[in-house]
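Working through the structure, step by step
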Amino acid sequence: MIRKQLRFLFVVLLLVAVAGCTAAKTRSTGTYFDQVREDPVRLRIFLTEMPKGGDIHNHLPGMVYAEDFLRMAAAKDMCLDPQNGYTASAGPCKDGQVKATDALRNAAHWNGAINAWSTRQDRRDSFMWGHDQFFATFFRFGAAANDMGYMLAEAAKQASHENMAYLELMLSVFPRDLWGLSAVAADPIAKGDLAGAYAALEQAGLFNETHLDECSRTLIEGEQRRDMLLKGGPGSEVHMRFMNHAIRTLPRHVVFAQLAYSFALAAQEPRMVGINLVAPEDDPVSMQDYELHMAMIDFLYTLYHTDPAKQPVAGNVNIALHAGELTLGLVKQDGLRNHIRLAIEQGHAQRIGHGIDISYEEDPYGLLRTMREKDIAIEIQLTSNDVILHVSGDRHPLCLYMSQGVPFALGSDDMGVARTDMTTEYLRAVQDQGLGYEDLKTSARNSLEYSFMPGSSLWADYGRKVVVPQCAQGKTDACTAFLSNNEKAAVQWRLERDLEAFEARW
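Reference entry: report on the structure contained in this document. These numbers come from a predicted model, not from an experiment.

Such a bond, covalent and formed between the sulfur atoms of two cysteines, is termed a disulfide. Within this structure, the stated rule accounts for two disulfides. Note that Cys-79 is cross-linked by a disulfide to Cys-93, the S-S spacing being 2.1 Å. An S-S torsion of about -100 degrees defines the bridge between Cys-79 and Cys-93 as left-handed. Note that Cys-79 is positioned in strand 2 (residues 79-81) and Cys-93 in the loop between strand 3 (87-89) and strand 4 (98-99), a separation of 14 residues in sequence. There is a disulfide in this structure between Cys-471 and Cys-479, and the S-S distance comes to 2.1 Å. Since a negative S-S torsion denotes a left-handed disulfide, the Cys-471-Cys-479 link at about 95 degrees is right-handed. Overall, Cys-479 belongs to the buried group, its relative accessible area being 0%. Here the cysteine-cysteine linkages of the protein are recorded as 1-2, 3-4, numbering only bonded cysteines and doing so in sequence order.

Printed below as a string of structure tokens:
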């Protein structure tokens, strides 16, 4: 009798223990997150595994680490100039230069190049060091960035390692003779005649099939080499699309030609989903020409949305703009008052990159309300903002954007240059900005919802997380058909399943 009672008690205790384990597994993953959020080591393990959706603010050349650029330079027998920031150039080597191949086995040159091509040293002896060093790196390793397929493969492998399913990569893809062709726009641009400048470029043949096909082939060949290097392994599952960017520090007629060509290419090339403007926003040319650049985009946007002959074949020409990547002291006060507003009102931006100077904008709360009402997302790059602008902690406006209901998505910006990765951005969001697990999930979901990936969203009501009717009952035949015809929805479906599996483990 006693044995039976003991056996019964054992069974009861066992059931209680099992119930306790089950409760622990089904309890919110946020409970474990809260337990480790003050432990950087365990938190990083957790965040590395966390599905992060995608990265919709990153630059392909800046995403690649200096070590890989050195290998690319060595593969092309290039030379490095130690006296000039280890700037890469084609061989044969001149006096004072060293072979890139030698740098692969020489620690002094290896470390010298990596430090010159990134912000690894993290010197804070000068307010401007991070800013100047960051942007200078692109000129130093630029010639070594000669293998798009290799760079795409490295980006894909990194995304896969960090459990990201999508990359929206900014790059420059232009015809070889764009500079020469753009000369015809110089005089009309000087006179303020954007229509005349566009007509001159059109007559010069900038938008003809030959020039558009040239850049489409560049993308196709890059993807083919990427796939050859990946060989179906990690990274092969990562979806990619591209944003063509104009360089805002160039002469006005060249910027207009780059923007106009970018619109034309995005209108017909499905891989190219939109346009952007890049380069230091505080550069004197960028500051002087900012309003003109917004007027250029406004002209092209209107043209492509009103002229039936220009209607995009592959979908709308999407616009994301770097705006407000500024802070007081870097520029005068009057340079901080309207860049984000102009990017939205004249530049038709669907997403804003950085937006650091929002508190200096005229009527900032009105502007934030506009962003919320128009559903304009803010792209947040915490490491980049710290390195370039020395903005972090409570000086960063992320929490302001969140408090005003502006959708946000964490991005890596230039992870190779800044020596960061997406997991670090999530880590910083927790430790520097106080975000919780649900906030991080929101960022992951936003990165896909506000991406320019083709196809309809999985969500019929994104705010309430109501899926489309076809998938309301799970992955039925109707849902499978919907997902197969809508890439965005398919990647979002995958994120939801990955989050479910992740939360079951944690």
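Attention now goes to the packing of aromatic side chains. Counted according to the given criterion, the structure contains 19 aromatic pairs. Arranged with centres 6.1 Å apart and planes meeting at 85 degrees, the rings of Tyr-450 and Tyr-462 form a pair that is edge-to-face. Taken together, the residues Tyr-450 in the loop between helix 22 (437-449) and strand 12 (459-461) and Tyr-462 in the loop between strand 12 and strand 13 (466-467) connect sequence positions twelve residues apart. Look at Tyr-462 and you get buried, because its relative accessible area is 13%. Geometrically, the ring pair formed by Trp-459 and Tyr-462 is edge-to-face, given 6.3 Å between the ring centres and 65 degrees between the ring planes. Given a relative accessible area of 11%, Trp-459 falls into the buried group. Within the aromatic cluster, the residues linked to one another by ring pairs are Tyr-32, Phe-33, Phe-46, Tyr-437, Phe-502 and Trp-506.

The next point concerns the pairing of strand 9 (residues 351-354). It is a general feature of regular strands that their side chains alternate between the two faces of the sheet. The sheet contact formed by strand 8 (residues 318-323) and strand 9 spans four bridges and is parallel. The residue of strand 9 that forms the bridge with Leu-321 is Ile-352. Following the chain from strand 8 across helix 16 (residues 339-345) to the adjacent parallel strand 9, one finds a crossover that is right-handed. Chirality of the crossover, the property in question, places the unit of strand 9, helix 17 (residues 364-373) and strand 10 (residues 377-380) among those that are right-handed.

In this structure, the amide linkage connecting Gly-91 to the following residue, Pro-92, adopts the cis form with an omega of 0 degrees. Of note in the backbone geometry, Asp-375 takes a positive phi value of approximately 60 degrees without being a glycine. Structurally, Asp-375 is set in the loop between helix 17 and strand 10. On the accessibility criterion, Asp-375 (41% relative accessible area) is partly exposed. With a phi angle near 65 degrees, Asp-413 is a residue other than glycine that sits in the positive phi range. Examined against the element boundaries, Asp-413 turns out to sit in the loop between strand 11 (408-410) and helix 20 (415-418). Owing to a relative accessible area of 2%, Asp-413 belongs among the buried residues under this scheme.

Moving on: the nonpolar core. Core analysis: the biggest nonpolar cluster contains 139 residues, and Trp-117, Ile-352 and Leu-440 have the highest contact counts within it. Ranked by residue count, the leading element in this core is helix 14 (residues 252-268), at twelve residues. If we ignore the near neighbours within four places in the chain, the residues touching Ile-352 are Leu-321, Ala-323, Ile-340, Ala-343, Ile-344, Met-371, Ile-376, Ala-377, Ile-378 and Glu-379. Ranked by size, the runner-up nonpolar core spans twelve residues in total, among them Trp-459, Val-468, Cys-471 and Leu-483.

For the rest of this paragraph, the subject is helix 3 (residues 40-49). All buried positions along helix 3 are accounted for by Leu-43, Phe-46, Leu-47 and Thr-48. On its buried side, helix 3 packs onto helix 2 (29-36), helix 9 (148-161), helix 21 (422-431), helix 22 and helix 24 (487-505).

Turning our attention to the layout of surface pockets. In this model, the largest pocket occupies a volume close to 1,200 Å³. Surrounding the largest pocket, 38 residues form its lining, Pro-61, Phe-138, Ser-172, His-245 and Ile-247 being those nearest its centre. At five residues, the largest contribution of residues to the lining of the largest pocket is made by helix 8 (residues 129-141). Of the residues in the lining of the largest pocket, the class split is 23 nonpolar, ten polar and five charged.

Next up on the list: the environment of Asn-486. Tracing the chain through its elements places Asn-486 in the loop between helix 23 (477-485) and helix 24. Sequence-wise, Asn-486 and Ser-456 are 30 residues apart; in three dimensions their C-alpha atoms are separated by 5.5 Å. The contact partners of Asn-486, leaving out residues within four places of it in the chain, are Pro-454, Gly-455 and Ser-456. From its side chain, Asn-486 meets the backbone oxygen of Phe-482 in a polar contact 2.9 Å long.

To continue, consider helix 8. Helix length check: helix 8 (13 residues) gives 18 Å between terminal C-alpha atoms against 18 Å at 1.5 Å per residue, within 8%. Looking only at helix 8, the buried set comprises Trp-129, Gly-130, His-131, Gln-133, Phe-134, Phe-135, Thr-137, Arg-140 and Phe-141. In this structure, the buried residues of helix 8 make contact with helix 4 (60-63), helix 5 (66-75), strand 3, helix 7 (107-116), helix 18 (382-389) and helix 20.

Definitions and cut-offs
- Residues numbered from 1 in each chain as written.
- Predicted model: local features only at pLDDT ≥ 70, side-chain atom pairs only at ≥ 80, totals over all residues.
- Heavy atoms only, no water.
- Disulfide = S-S within 2.5 Å.
- Helix = DSSP H or I, 4+ residues; strand = E, 2+ residues; numbered from the N terminus.
- Buried < 20%, exposed > 50% of the residue type's maximum accessible area, 1.4 Å probe, protein only.
- Phe/Tyr/Trp six-rings, centres within 6.5 Å; stacked < 30°, edge-to-face > 60°.
- Pairing = 2+ DSSP bridges.
- Right-handed = clockwise from strand over helix to strand, strands pointing away.
- Core = buried A, V, L, I, M, F, W, Y, C linked by side-chain atoms within 4.5 Å.
- Contact = heavy atoms within 4.5 Å.
- 1 Å grid on protein atoms, 1.4 Å probe; cavity = no way out; pocket = protein on both sides within 12 Å on 5 of 7 lines; lining within 4 Å.
- Points joined across faces, edges and corners; volume = space filled by probe spheres on them.
- Nonpolar A, V, L, I, M, F, W, Y, C, P; charged D, E, K, R; others polar.
- Polar contact = N/O pair within 3.5 Å; in protein donor to acceptor, adjacent residues only side chain to side chain.
- Expected span 1.5 Å × (residues − 1).

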